[in-house]
Amino acid sequence: MARTTQSVSKTTSGSARRVRLSLKRARMIAGSTARGTSSSAAKGKSTKRTSRSMSTESISSLSSLTTLPSSPVHCAVSLDPPREMLPWATNRQVFILLRFLSTGGVSTLPGEREVKCKLSPYHAFMRNVDGECIRVLDAPTTLVGVCERASKAQVCAESILILHLTCVGMEVCGSLPKLVHTTLEEYHTADSLTYEEVTFDFGTERKLDHWTKRVEVLRARLEGRKFGRKIIFVTVHSEVSRGDLFAGKDKDGDVAMMVEDFMDYLFIPPLNEVVRGSTLFMLTCGHVVRFEESYSAMKKSITRLQPEYTILFTAPELIVAATKLFAVAYSIQVLIHGHSFLDIFHDLLNVSLDLRMHTDVLVFYISGVLAPKAPFSLRIPALDVAQPPSIVGYWYSWYHSHRRPWGKALPMGCSRCGAVRPWSQSKRYPNGTHPKARVTTCLGCNLEVYSEPLPMEYEILQDSKILGWIRYTIWPTEVLS
């Protein structure tokens, strides 16, 4: 069972008894000094006990003041707390707190527009009787806490499987799957969070037989477990001249396979059932999407295996460490808070500062593989209407007016004058072959570099003339047979 985001184990505050420990140096102090120290300590102890008692009373009194309002109904609050109740606050803090409480939790700092509303008691639980809302409890509900800016106060309690398949010879220390597992450990128990790391090597026929047996062992460990979410990471090299994926080693060294064969052998039955409806991260270099043959083979494998989401990267030399911020944000927003992956994909990219100039991101989404899930706000789940699976694919590219116009990176130096980063902000080029073509000029020698969007449907997700993300539709919605 998953924990909540507000449990004490994930905060840096709490209550505890105060203790004093005697030190050896204290025993070595001279008698008169020791007596003076003892007298001061006794006096300080009495003062601290009084202060602690007063702080406890203050917190108890404040708990009735800092009740969490529920819009549009707000809790009634006391507006005249005694000054000694807030020994830790300055005059300005008291003033701001009182203004906050006087508006029922609506922040009205000096200078902000005040919101006028009618205060009334808060009744948390209601029931519908013949179309009329009836209070379940006779007395109002007192909420103790503070107002925080959180996307969601609940977490997903679904059991999660993290499966890391890594090619032999790849470095796994500090890997991305381990980072995701570490992020989720705080919210899950050992029963609801499963992490499996398996190294594959099927470069020869004999090794392929051995891999088949290992898959059976993995199936036996996972048999009978119903995972709400399955996240699969595949860490593997891609061949630079064809886009093939490394399958392992033979007596002569590394061997690679065509993408479709690789995916068939890697997810050999019964492992193919695990990948269905999962989120598949292909942690490999961009050669697999650079070549048409390997890219088409990858799309065929996606339609056959039917993971719900598939993520690929385009960097020719992918640095997996550049995706760590993305992975942590994904873990929190999708796996913990339960947001839809595709709905917040743009937000995840925005927080991934190292990712934007390093690589573009491809995401394929197959809808209809899993039953639709009701949001947290819906108490009655939506009806499960069976629909045929359909697939859609997007290419996310980061643009910058004088670094990456239309998502195409400019060279570090000018090829004519040799100046470093000499490019001006891009401007519209009316003589270009595309109506949205842009031109960037070297400030040193006036060399012009032209750029234009890819010849496909696109959408600029961030309305900024300087920077943002472009989403190309590389695979229009298609129903899978």
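Residues numbered from 1 in each chain as written. Predicted model: local features only at pLDDT ≥ 70, side-chain atom pairs only at ≥ 80, totals over all residues. Heavy atoms only, no water.

Novice: Teacher, can you tell me more about the overall build of the chain here?
Specialist: A count of helical and extended segments in the chain gives 11 helices and 16 strands. Counting the 481 residues in the chain, one finds 39% classified as buried. The contacts in the chain between residues at least 6 apart in sequence include a share of 68% that link residues at least 24 apart. As displayed, the chain has an accessible area near 28400 Å², and 54% of this comes from carbon and sulfur atoms. (Helix = DSSP H or I, 4+ residues; strand = E, 2+ residues; numbered from the N terminus. Buried < 20%, exposed > 50% of the residue type's maximum accessible area, 1.4 Å probe, protein only. Contact = heavy atoms within 4.5 Å. Areas by Shrake-Rupley, 256 points an atom, 1.4 Å probe, with all protein chains shown as cover.)

Novice: How should I be thinking about the packing of helix α6 (residues 259-266) against helix α9 (residues 292-305) in this particular structure?
Specialist: A pair of packed helices is captured by two measures, namely the crossing angle of their axes and the spacing between those axes. Two elements in contact, α6 and α9, have axes separated by 8 Å at closest approach and are oriented at 30°. Put simply, α6 runs roughly parallel to α9. Along its contact with α6, which presents V259, E260, M263 and D264, the element α9 presents S294, A297, M298, K300, S301, R304 and L305. (Axes fitted to C-alpha atoms, helices over the stretch in contact; angles between N-to-C directions. Parallel < 35°, antiparallel > 145°, perpendicular 65-115°, else oblique.)

Novice: Teacher, can you tell me more about the sheet that holds strand β12 (residues 427-428) here?
Specialist: Strand order in this open sheet of three strands is β12-β13-β14, and the pairing throughout is antiparallel. Each edge of the open sheet carries a strand with a single partner, namely β12 and β14 (448-451). As paired strands, β12 and strand β13 (residues 438-441) are joined by two bridges and run antiparallel to one another. Bridge pairing in β13 links R428 to R438. (Pairing = 2+ DSSP bridges.)

Novice: Can you walk me through helix α5 (residues 205-222) in this structure?
Specialist: Each α-helix turn comprises 3.6 residues. Residues three or four places apart therefore point the same way. Under the 1.5 Å per step criterion, the end-to-end length of α5 is 26 Å for 18 residues, consistent within 8% with the ideal 26 Å. Residues of α5 that are buried include every one of L208, W211, V215, L218 and L222, and no others. All buried residues of α5 fall inside an arc of 70° around its axis, so they share one side. Opposite the packed face of α5, turned more than 90 degrees from it, sit the exposed residues R206 and K213. In this structure, the buried side of α5 is in contact with β3 (160-167), β4 (193-200), α6 and α7 (271-275). The positive-phi residue at the C-terminal boundary of α5 is G224, with phi of around 85°. (Expected span 1.5 Å × (residues − 1). Arc of directions from axis to C-beta.)

Novice: Looking at this model, I keep getting lost on helix α10 (residues 324-336). Mind explaining?
Specialist: The end-to-end C-alpha distance of α10, which contains 13 residues, comes to 17 Å, matching closely the 18 Å that a straight helix rising 1.5 Å per residue would cover. Along its length, α10 reaches its greatest deviation from straightness, about 25°, at Y330. Taken together, the buried positions of α10 are F326, A327, A329, Y330, S331, V334, L335 and I336. Buried residues in α10 make contact with β3, α4 (176-185), β5 (229-235), β8 (279-283) and α11 (345-351). Looking one or two residues past α10, G338 carries a phi angle of roughly 85°, positive in sign. (Bend = angle between axes of the 7 residues up to and from the residue.)

Novice: Is there a simple way to explain the sheet that holds β8 in this structure?
Specialist: In a beta sheet, neighbouring strands are held together by backbone hydrogen bonds and run either parallel or antiparallel to one another. The nine strands lie next to each other as β4-β3-β5-β8-β9-β10-β11-β16-β15, forming an open sheet whose pairing is mixed. Lying at the two open borders of the sheet, with one neighbouring strand each, are β4 and β15 (458-460). Neighbour-to-neighbour, the strand axes of the sheet open up by a mean angle of 15°, direction not taken into account. Both strand β10 (residues 361-367) and strand β11 (residues 390-400) contribute to a ladder of seven bridges, which runs antiparallel. Bridging across to β11, S367 finds its partner in S390. Where α5 meets the sheet, it contacts β3 and β4, and its direction lies at approximately 175° from that of β4.

Novice: It is not clear to me how the environment of L208 should be interpreted in this structure. Could you clarify?
Specialist: Among the secondary structure elements, L208 is positioned in helix α5. A C-alpha to C-alpha distance of 7.9 Å links L208 and Y265, two positions 57 residues apart in sequence. Other than its neighbours up to four places away in sequence, L208 contacts F202 and Y265.

Novice: What am I meant to see in the pairing of strand β16 (residues 467-479) here?
Specialist: Alignment of β11 against β16, held across 10 bridges, turns out to be antiparallel. For Y399, the partnering residue across the bridge sits in β16 and is G468. Relative to β16, β15 runs antiparallel, the two being bridged by three bridges. Considered in β16, the bridge of E459 is made with R471.

Novice: How should the nonpolar core be read in this particular structure?
Specialist: Burial of nonpolar side chains together is a common tendency in soluble globular proteins. Counting 53 residues, the largest nonpolar core has L165, W211, F262 and F267 as its most contacted members. The next biggest cluster of nonpolar side chains, apart from the first, holds 39 residues, and it includes I231, Y309, I344 and L355. (Core = buried A, V, L, I, M, F, W, Y, C linked by side-chain atoms within 4.5 Å.)

Novice: What should I look at first to understand unusual backbone geometry in this one?
Specialist: Excluding glycine, residues mostly have negative phi values, and the peptide bonds linking residues are mostly trans. In this model, P269 is joined to P270 through a cis peptide bond whose omega is 10°. Its location among the elements puts P270 in the loop between α6 and α7. A positive phi angle, near 55°, is found at Q306, a position not held by glycine. Along the polypeptide, Q306 turns up in the loop between α9 and β9 (309-313).

Novice: Sorry, what's going on with the pattern of salt bridges here?
Specialist: It is possible for side chains bearing opposite charge to pair when their charged atoms get close. Taken as a whole and judged by the stated rule, the model has 11 salt bridges. Of the charged contacts, one joins D201 and K207 as a salt bridge, the two residues approaching to 2.9 Å between their closest N and O atoms. Note that R471 is salt-bridged to E459, the shortest N-O span being 2.8 Å. Of this pair, R471 sits in strand β16 while E459 sits in strand β15; the two residues are 12 residues apart in sequence, bridging distant segments of the chain. Among the charged side chains, a network of salt bridges with common partners joins E216, R219 and E223. (Salt bridge = Lys/Arg side-chain N within 4 Å of Asp/Glu carboxyl O.)

Novice: Honestly, the confidence of the model for the chain in this entry has me stumped. Any pointers?
Specialist: Low-pLDDT portions of the prediction should not be read for the details of their coordinates. Here the chain averages 78 in pLDDT, and 70% of its residues register 70 or above. Contacts of residues 42-115 to residues separated by more than four positions or lying in other chains number 87 contacts, the stretch itself having pLDDT below 50. Across residues 374-384, where pLDDT falls below 50, the model places 10 contacts with residues more than four positions away in sequence or in other chains. (pLDDT = per-residue confidence, 0-100.)

Novice: Would you mind going over the packing of aromatic side chains with me for this structure?
Specialist: Two numbers describe a pair of aromatic rings. These are the distance of the centres and the angle of the planes. Throughout the structure, instances matching the rule amount to 20 aromatic pairs. Taking 6.2 Å as the distance between ring centres and 65° as the angle between the ring planes, the aromatic pair formed by F202 and Y265 counts as edge-to-face. On the criterion of sequence distance, the pair formed by F202 in the loop between β4 and α5 and Y265 in helix α6 is long-range, its members being 63 residues apart. Residue classification places Y265 among the partly exposed positions, given a relative accessible area of 32%. Here Y458 and Y472 contribute two aromatic rings whose centre-to-centre distance is 6.0 Å and whose plane-to-plane angle is 55°, an arrangement assigned as tilted. With a gap of 14 residues between them, Y458 in strand β15 and Y472 in strand β16 connect regions that are remote in the sequence. On the basis of relative accessible area, Y458 is assigned to the partly exposed category, the value being 27%. In textbook terms, an aromatic cluster arises when at least three aromatic residues are bridged by ring pairs, as seen for F233, F281, Y309, F326, Y330, F341, F345, Y365, Y394 and Y396. Between the NZ or CZ atom of K299 and the centre of the ring of W475, over which it lies, the distance is 5.1 Å. In this structure, R471 packs its charged tip against the face of Y394, placed 4.5 Å from the ring centre. (Phe/Tyr/Trp six-rings, centres within 6.5 Å; stacked < 30°, edge-to-face > 60°. Lys NZ or Arg CZ within 6 Å of the ring centre and 35° of its normal.)

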